[in-house]
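# Topology and contacts: notes
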Amino acid sequence: MFKECLENVRRCMPLIHNITNYVTVNDVANVILACGGSPIMSDETEDVEDITSLCGGLNINIGTLHKTSIEGMFRAGRRANELGHPVVLDPVGAGASALRTDTALSLMSELRLSAVRGNISEIRTLAEGRGNTKGVDADISDAVTESTLDEAVAFVKTFARNAGCIIAVTGAIDLVSDGTVCYVIRNGRPEMGKITGTGCQLSGVMTAYLAANPDRRLEAAAAAVCMMGVAGETGWSRMRNGDGNATYRNRIIDAVYNMTGDELEKGAKYELR
Amino acid sequence: MFKECLENVRRCMPLIHNITNYVTVNDVANVILACGGSPIMSDETEDVEDITSLCGGLNINIGTLHKTSIEGMFRAGRRANELGHPVVLDPVGAGASALRTDTALSLMSELRLSAVRGNISEIRTLAEGRGNTKGVDADISDAVTESTLDEAVAFVKTFARNAGCIIAVTGAIDLVSDGTVCYVIRNGRPEMGKITGTGCQLSGVMTAYLAANPDRRLEAAAAAVCMMGVAGETGWSRMRNGDGNATYRNRIIDAVYNMTGDELEKGAKYELR
Amino acid sequence: MFKECLENVRRCMPLIHNITNYVTVNDVANVILACGGSPIMSDETEDVEDITSLCGGLNINIGTLHKTSIEGMFRAGRRANELGHPVVLDPVGAGASALRTDTALSLMSELRLSAVRGNISEIRTLAEGRGNTKGVDADISDAVTESTLDEAVAFVKTFARNAGCIIAVTGAIDLVSDGTVCYVIRNGRPEMGKITGTGCQLSGVMTAYLAANPDRRLEAAAAAVCMMGVAGETGWSRMRNGDGNATYRNRIIDAVYNMTGDELEKGAKYELR
């Protein structure tokens, strides 16, 4: 039940350590608060182990990767692994530069990740060990559509099995798999792509959902994806004439803030494959 | 009169140098503009002395502390001390990591600070020289409530006297003391805790208030605390059905932008102890 | 026709590489999305060449300059020059510190810039090779007004000719020149100065306009300036009682998001000198 996943976050108020990019960090913090968690940001190598030890989950995002913070990602990740905390990787721009691709691949091989969430181009890059992503958005030729869905589900399942963690591919259709089953999710709005950082926000929320639902991680990851999608729909329904992407950004976080378990349960549109 | 403190900021338009975290920096800049000041951000060691020399006050915030910016905090602080500018320290997460605790304590011992503003757990950490803060929020066991108020007032007065600067503890009840008297302030809304960075914003505003009111620093610090609290109340009164923490964030800064001295005077709820 | 410039951005969706400050970076990303482009941020020396190679334009902003990112600015700039991409420099705070002034001057001398956009004090600093800017806002004594306009137009034309690139000075009256002609633009609202980063946003938008309009760069730069000014007017017209600078920030980005070529054409107020 997605409802219980949501309510567990609001009840446990998990503290989430974020090593994230400086573009969308404020929205990530506010959306973690909105969903019921509590964010703390730290990427200094000498700070991260203390911080992650206090937390219930770790969210690693390479959106503005600096060489100086890579070591901190590994240190925090190893500490989180020791403590059994969920670790989520958001491989922003994997495939767009060698540094991003290599760092994401190393994080995947050296840490025990709970989930990797990215767009299809980033995830394909990681699965293939190389890539040619066009920036931070998915390449149109990679897009998951109804006509490519079967292949995409098979790909995500296989990669999740090989990687040994949950793989979440988000886009027009979202796929979340642990290698055995795959949630196919049809929530959200295309206009969410005109806001910077809805993906980063989802990765933060997913970390909170995983931290608060240790016994049902696949379901929790899928619930987080549905929750952001439903929030995107609710936020859109409140848009007025003249509103644009800046207001929409706020409306989505507002919708996360106000969402109840029942609303999530009712709004979630998914099937299992 | 808090009214005069507010009006002095709008008249002097103090330029405030902020060495702050990348999570809430944009809101800090906008709230300083909203209150009548002018913000400039710089944390590069080789840049900070030039920048602080142009300014009227310095706001140091360790929310995303990097080893590379610590030296800049000291350099800027020493320069601000030479120039007689007010220096405010926001010890975000003191107690949550050794690096944060040690850095905050060193800043307190090596610089002449005008004010330290934090939550009760951070301030207790600094007073005791060590701590076990749970992240960036105050620990519930530390909370200043009506039943613990007498002890908390005594603690803040003593620490302010020992530290030789204004201590501002913010939470459900705010305490601002110079060691002699203590403002006990009951403005604000609990929902402000669901927005990232209202504390960081207050530290920025407090620096502007201190810079524009050199002859009444305790009153100016208390006025800044009341002003943010009243803005939280005004902002809340403008919330509509479906609004959440993202919109509330904007409403508070908007309320700071529009606040008059008379509104502050009328809305401020405080007593002196 | 400014209309075509705007429509070319929406049609080409240029990917813009931003090496920018952490204060206003989120708004820069959202406004680039709003105008029809796509932003990517990267300032790590080992990342920037890969990223800029994927993009159509490069926006360099020194608002929170770090020594560690200066080399990245040069590397990205040289790569963009090799590829023939437009490069825009936003010399935030040039004149306020030696590091900022020197870095901006070095970028101008070593890179082939398409445009430099700043306030009049920053631009005068660059023209004179030194300066005494008061922070990140223009000094009042420098302001471009109707009474100083002739001199200012002559100054901007001369500097554009000497620098070999477009110079855009923004303020109450905006000037955009390639050394031959000068657009004198009277769009915008004074309240835009109460929002942090409207200048940074414009530099990002200008880069997108230059990237999508390679055959008419002066016109594209002027169109970007008018577009932001018209958005400031449209956004202001939607302000309600109690709204302030936080809401205004969102309204402006919303207005960029919704602006059509016809609205820009109709709203643009400029003359050529």
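Residues numbered from 1 in each chain as written. Chains lettered and ligands numbered in written order. Predicted model: local features only at pLDDT ≥ 70, side-chain atom pairs only at ≥ 80, totals over all residues. Heavy atoms only, no water.

## Things to note about the environment of A:Leu65
- Tracing the sequence through the fold places A:Leu65 in the loop between strand 3 (57–61) and helix 4 (67–83).
- A relative accessible area of 2% means that A:Leu65 is categorised as buried.
- Sequence separation of A:Leu65 and A:Val256 is 191 residues, and the distance between their C-alpha atoms is 28 Å.
- Every residue in contact with A:Leu65, bar those within four places of it in the chain, is listed here: A:Ile70, A:Met73, A:Leu99, A:Arg100, A:Thr103 and C:Glu44. (Helix = DSSP H or I, 4+ residues; strand = E, 2+ residues; numbered from the N terminus. Buried < 20%, exposed > 50% of the residue type's maximum accessible area, 1.4 Å probe, protein only. Contact = heavy atoms within 4.5 Å.)

## Overview of the packing of aromatic side chains
- Counted according to the given criterion, the structure contains 15 aromatic pairs over all chains.
- Ring centres 5.5 Å apart and planes at 50° place the aromatic pair C:Tyr183 and C:Tyr270 in the tilted group. With C:Tyr183 in strand 8 (residues 182–185) and C:Tyr270 in strand 9 (residues 270–272), the pair connects residues that are 87 residues apart, well separated along the chain.
- By relative accessible area, C:Tyr270 is classed as partly exposed at 37%.
- Following the ring pairs from residue to residue traces out a cluster consisting of A:Phe2, A:Tyr183 and A:Tyr270.
- If you follow A:Arg124 out to its NZ or CZ, it ends over the ring of A:Phe155, 4.5 Å from the centre. (Phe/Tyr/Trp six-rings, centres within 6.5 Å; stacked < 30°, edge-to-face > 60°. Lys NZ or Arg CZ within 6 Å of the ring centre and 35° of its normal.)

## What about the interface of chain A and chain B?
- Listed per partner, the contact involves 30 residues of chain A and 33 residues of chain B.
- Remark: the boundary between chain A and chain B carries four salt bridges.
- Salt-bridge contacts for A:Arg238 lead to B:Asp243; the nearest nitrogen and oxygen are separated by 3.0 Å.
- Linking chain A with chain B are 22 residue pairs in polar contact (both at pLDDT 80 or more), by the criterion used here.
- Of all the secondary-structure elements, those providing two or more residues to the side of chain A that touches chain B are helix 2 (25–35), strand 2 (38–41), helix 3 (45–54) and helix 10 (245–258) of chain A.
- Split into classes, the residues belonging to the side of chain A that touches chain B amount to 13 nonpolar, seven polar and 10 charged. (Salt bridge = Lys/Arg side-chain N within 4 Å of Asp/Glu carboxyl O. Polar contact = N/O pair within 3.5 Å; in protein donor to acceptor, adjacent residues only side chain to side chain. Nonpolar A, V, L, I, M, F, W, Y, C, P; charged D, E, K, R; others polar.)

## Let's talk about the confidence of the model for chain A
- A residue-level look at chain A finds 98% of positions with pLDDT of 70 or above and a mean pLDDT of 96.
- Here the prediction assigns the complex a pTM of 0.97, and the interface score ipTM is 0.96. (pLDDT = per-residue confidence, 0-100.)

## A word on a nonpolar patch on the surface
All names here are of chain B.
- A contiguous nonpolar patch, built from Val-181, Tyr-270 and Leu-272 and spanning about 250 Å² of accessible area, is present on the exposed surface.
- Position of Val-181 relative to the elements: it lies in the loop between strand 7 (174–177) and strand 8 (182–185).
- Here Val-181 falls in the partly exposed class, since its relative accessible area comes to 31%. (Patch = residues over 30% accessible without salt bridge, like charges linked within 9 Å, V, L, I, M, F, W, Y side chains within 5 Å. Areas by Shrake-Rupley, 256 points an atom, 1.4 Å probe, with all protein chains shown as cover.)

## Observations regarding the nonpolar core
- A:Val176, A:Tyr209, B:Val176, B:Tyr209, C:Val176 and C:Tyr209 are the most contacted members of the largest nonpolar core, which totals 164 residues.
- Apart from the residues within four sequence positions on either side, A:Tyr209 is in contact with A:Cys5, A:Leu6, A:Val9, A:Cys35, A:Ala220, A:Ala223, A:Ala224 and A:Met227. (Core = buried A, V, L, I, M, F, W, Y, C linked by side-chain atoms within 4.5 Å.)

## As for the interface of chain B and chain C
- On the chain C side, the residues contacting the 30 residues of chain B number 33 residues.
- Overall, the association of chain B and chain C removes approximately 2600 Å² of surface from exposure, summing both partners, and the carbon and sulfur fraction of that is 47%.
- Taken together, the connections running from chain B to chain C amount to four salt bridges.
- Counting across the chain B and chain C interface gives 22 residue pairs in polar contact (both at pLDDT 80 or more).
- Sorting the residues of the side of chain B that touches chain C by element identifies helix 2 (25–35), strand 2 (38–41), helix 3 (45–54) and helix 10 (245–258) of chain B as the ones contributing at least two each. (Buried area = accessible area lost by both parts, 1.4 Å probe.)

## Remarks on the pattern of salt bridges
- In total, this model carries 63 salt bridges over all chains according to the counting rule given.
- Its salt-bridge partner being B:Asp262, residue B:Lys3 comes within 2.9 Å of it at the nearest N-O pair. Of the two residues, B:Lys3 sits in helix 1 (residues 2–12) while B:Asp262 sits in helix 11 (residues 261–267), which places them 259 residues apart along the sequence.
- The partner of B:Asp47 in a salt bridge is C:Arg100, and the shortest N-O contact between them spans 2.9 Å. Highlighted residues: B:Asp47 in helix 3 and C:Arg100 in helix 5 (residues 98–110), drawn from two different chains.

## Some points on the relation of the copies chain A and chain B
- For the pair chain A and chain B, the relating rotation is 120°, the translation along its axis is 0.0 Å, and the fit reaches an RMSD of 0.0 Å. When the rotation and shift are considered jointly, the pair of chain copies conforms to a three-fold rotation axis. Ranked by how close their C-alpha atoms come to the rotation axis, the residues of chain A are headed by A:Tyr22, at 3.6 Å.
- Here only 13% of the contact residues of chain A are again contact residues in chain B; the copies associate through non-equivalent surfaces. (Least-squares fit on C-alpha atoms with pLDDT ≥ 70 in both.)

## Some thoughts on helix 6 (residues 120–128) of chain B
Residue and element names in this part refer to chain B.
- Across the nine residues of helix 6, seven count as buried, placing the element largely inside the fold.
- What helix 6 keeps buried is the set Ile-120, Ser-121, Glu-122, Ile-123, Arg-124, Thr-125 and Leu-126.
- Those residues of helix 6 that are buried are in contact with helix 5 (98–110), strand 5 (115–118), helix 7 (149–163) and strand 6 (166–169).
- Near the N-terminus of helix 6, the side chain that reaches the backbone nitrogen of Ser-121, with its oxygen 3.0 Å away, is that of Asn-119.
- Residue Gly-129 follows helix 6 closely and has a positive phi angle near 80°.

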